[in-house]
Amino acid sequence: MEKRGMLQGSIWKSMTLFALPIFFGNLFQQLYNTVDSLIVGNFVGMNALAAVSSSGSITFLLIGFFNGVAVGAGVVISRYFGAKDYENMSKAIHTTIAFGLIVSIIFTVIGVFLSPYILKLMDTPESVMPNSIAYLQIYFFGAIGLIMYNVFVGIMQAVGDSKTPLYYLIISAILNVILDLLFIVAFKMGVSGAGLATIISQLVSAILCFIRLSRTKGFHRVELRKIRIDFHILKQIISYGLPSGLQNSIIALANIVVQSKVNFFGEAAMAGIGAFSKIEGFGFLPITSFTMAITTFVGQNVGAKEFDRCKKGIRFGVITTMVLAEIIGIVIFILAPQLISAFDSTPEVVRYGVEKARISGPFFFLLAFSHALSAVLRGLGKSLIPMLVMLLCWCVIRVAFLVIMVPIFQDIWVVNWVYPITWGLSSLCFAIYYAFNHNYKKLCTTL
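These figures come from a predicted structure and were not determined experimentally. (Residues numbered from 1 in each chain as written. Predicted model: local features only at pLDDT ≥ 70, side-chain atom pairs only at ≥ 80, totals over all residues. Heavy atoms only, no water.)

Caption draft 1: Geometry of the overall build of the protein chain. Helix and strand counts for the protein chain stand at 16 helices and 0 strands. In summary, the protein chain has a C-alpha radius of gyration of 21 Å against a globular reference of 22 Å for 447 residues, a match within 12%. Going through the 447 residues of the protein chain one by one, you find that 57% of them count as buried. Considering only residue pairs separated by 6 or more positions, the protein chain has 84% of its internal contacts joining residues 24 or more positions apart. Taken together, the 32 basic and 19 acidic charged side chains of the protein chain have centroids lying 13 Å from each other. (Helix = DSSP H or I, 4+ residues; strand = E, 2+ residues; numbered from the N terminus. Rg over C-alpha atoms; globule rule 2.2 N^0.38 Å. Buried < 20%, exposed > 50% of the residue type's maximum accessible area, 1.4 Å probe, protein only. Contact = heavy atoms within 4.5 Å. Lys, Arg positive; Asp, Glu negative; His and termini not counted. Charge placed at Lys NZ, Arg CZ, Asp CG, Glu CD.)

Here is the structure:
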């Protein structure tokens, strides 16, 4: 059974219909992540909310690397799909799954062992440390569910199916909320209950995705006997995905440095800025949705050698991503006090969260532009360029700025401003590169 993905028909319609299920899926995911923090903040307290918040940048380090590699796998799969090379597409799918299983085991072992040491390096306050360790180790124990869910979703999206993951994510989100209430409110398990609810719901969604892929009639069907590493395909996946994976990991490491600077200002700052990070996640919804649409659209149309269609789709995707992200940023700017106080109404916590929201919110369009151009380049097979730009702007400059400025001023505004500043620098770098390299036919890397 052959599907045509995003190779035919109206460009704006095909990209929007692809992005909308991802948007709603991410919305549900963000909602249940937010519910985690709401329940923890209201039923356990500020200390527990600070513990969960301080773990966020580390958990992104867990998933960031492999998610980047999964993006590379998606590029390979979507381009074979566009070229109608279904044999190699199947090899790419099964190689990605095998690689995901191996990485899951490695990350679980390393993460559980290193959690206490990483938290100490982040200057996590002693009052928060026990809860932070408990939450983080439980999260790492569930790495396989998180990683394999993203693997399976990447496979579906690469062939143009963004609806099925939405249905399973809704089930997972509802299950997560039920388990949160059961473990935290009823059983009084604290942050351990929040972590356990998260990993169980993620594992369920991964299992549902696997069942779906194993029963599909399409060329992307998954068969257990075929799950093995094809080293030729793996080399392609790593060549496209490793720069993205390293980019995510480097950004996560930089964010750990940022979190350590937040920790310096105490529990209230950790809770307030942690609450904002949950709200900020809603600003990422159109960014994540349309950047996935952009990468898949570009990958499929480059594989089919539809370069004019590719150019039109890129223009629509980039503009739409920026406009939607900025609208959300403005809404967050206006409603910040009410939104932060929903997590914790302590005046000091609200003050820290609102200050962060009103500095970052107006600049969401810069964040969207950087991610959108990164998605374009990844779809073209040029994932090294986004990695280098992010390494310079979101790691080296971000960390250097904090290391120099925080000791001098010892004020939280230094930490808050580092994000808009580095978003602006990365956007400038991408704009310059794009101005000199917009011939997609010459720019794309062939398989």
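Caption draft 2: Spotlight on unusual backbone geometry. Of note in this structure, lysine 188 is not a glycine but carries a positive phi near 55°. Within the element layout of this structure, lysine 188 appears in the loop between helix 7 (163-186) and helix 8 (190-215). One non-glycine residue, lysine 305, lies in the positive phi region at around 60°. Locating lysine 305 in the fold gives a position in the loop between helix 10 (267-303) and helix 11 (307-343).

Caption draft 3: A look at the environment of methionine 405. Considering the arrangement of structural elements, one finds methionine 405 in helix 14 (residues 384-409). Along the sequence, methionine 405 and valine 415 sit 10 residues apart, while their C-alpha atoms lie 8.9 Å from each other. If we skip the residues at most four places from it in the chain, methionine 405 touches Gln410 and Val414.

Caption draft 4: Structural context of the environment of methionine 156. Topologically, methionine 156 is positioned in helix 6 (residues 143-158). Under the relative-accessibility criterion, methionine 156 is labelled buried at 1%. Between the C-alpha atoms of methionine 156 and isoleucine 93, which are 63 residues apart in sequence, the distance is 9.9 Å. Residues in contact with methionine 156, not counting those within four places in the same chain, are Asp161, Thr164, Pro165, Cys209, Arg212 and Leu213.

Caption draft 5: A look at the nonpolar core. Core analysis: the largest hydrophobic core is formed by 67 residues, its most contacted members being Ile294, Val318 and Val415. Of the residues forming this core, the biggest block, 15 residues, is contributed by helix 10. Listed in part, the 38 residues of the second largest apolar core include Ala70, Val75, Tyr86 and Phe99. (Core = buried A, V, L, I, M, F, W, Y, C linked by side-chain atoms within 4.5 Å.)

Caption draft 6: Summary view of the pattern of salt bridges. Under the criterion given, the structure shown has 3 salt bridges. Of the charged contacts, one joins arginine 225 and glutamate 223 as a salt bridge, the two residues approaching to 3.0 Å between their closest N and O atoms. A cluster of three or more residues bridged by salt bridges with shared partners is formed by Glu223, Arg225 and Lys226. (Salt bridge = Lys/Arg side-chain N within 4 Å of Asp/Glu carboxyl O.)

Caption draft 7: Quick look at the packing of aromatic side chains. The tally for this structure, following the rule as stated, stands at 13 aromatic pairs. Note on phenylalanine 113 and tyrosine 117: the rings are 5.8 Å apart at their centroids and 45° apart in plane angle, and the pair reads as tilted. One end of the pair is phenylalanine 113 and the other is tyrosine 117, both in helix 4 (residues 86-121) and 4 residues apart, which spans about a single turn. What makes phenylalanine 113 exposed here is its relative accessible area of 56%. (Phe/Tyr/Trp six-rings, centres within 6.5 Å; stacked < 30°, edge-to-face > 60°.)

Caption draft 8: Spatial organisation of helix 4. Remark: the principal bend of helix 4, roughly 55°, maps to leucine 114, with a proline, proline 116, within the next four residues. Note on helix 4: the residue one or two positions beyond its end, aspartate 123, has a positive phi of about 60°. (Bend = angle between axes of the 7 residues up to and from the residue.)

Caption draft 9: A look at the packing of helix 4 against helix 5 (residues 129-141). One way to put it is that helix 4 packs onto helix 5 with a least axis distance of 8 Å and a crossing angle of 165°. One way to sum up the angle between helix 4 and helix 5 is to call them roughly antiparallel. As for the relative orientation of helix 4 and helix 5, their crossing is right-handed in sense. For the pair helix 4 and helix 5, contact is made by Phe107, Thr108, Gly111, Val112, Ser115, Pro116, Leu119 and Lys120 and by Met129, Ser132, Ile133, Leu136, Gln137, Phe140 and Phe141, respectively. Grouping the constituent residues of the contact of helix 4 with helix 5 by class yields 9 nonpolar, 5 polar and 1 charged. (Axes fitted to C-alpha atoms, helices over the stretch in contact; angles between N-to-C directions. Parallel < 35°, antiparallel > 145°, perpendicular 65-115°, else oblique. Left-handed = near helix turned anticlockwise from the far one by under 90°. Nonpolar A, V, L, I, M, F, W, Y, C, P; charged D, E, K, R; others polar.)

Caption draft 10: Focus on the side chain of serine 162. By secondary structure assignment, the location of serine 162 is in the loop between helix 6 and helix 7. Owing to a relative accessible area of 3%, serine 162 belongs among the buried residues under this scheme.

Caption draft 11: Inspection of helix 11 at higher detail. The first and last C-alpha atoms of helix 11 sit only 47 Å apart over 37 residues, clearly below the 54 Å expected at 1.5 Å per residue. Bending of helix 11 peaks at approximately 75° at the position of leucine 335, with proline proline 337 no more than four residues after it. (Expected span 1.5 Å × (residues − 1).)

Caption draft 12: Summary view of the confidence of the model for the protein chain. Counting all residues, the mean pLDDT for the protein chain is 85, and 94% of those residues have values of 70 or more. Here helix 16 (residues 440-443) stands out as the element of the protein chain with the lowest mean pLDDT, 54, in contrast to helix 12 (residues 347-360), whose mean of 94 is the highest. (pLDDT = per-residue confidence, 0-100.)

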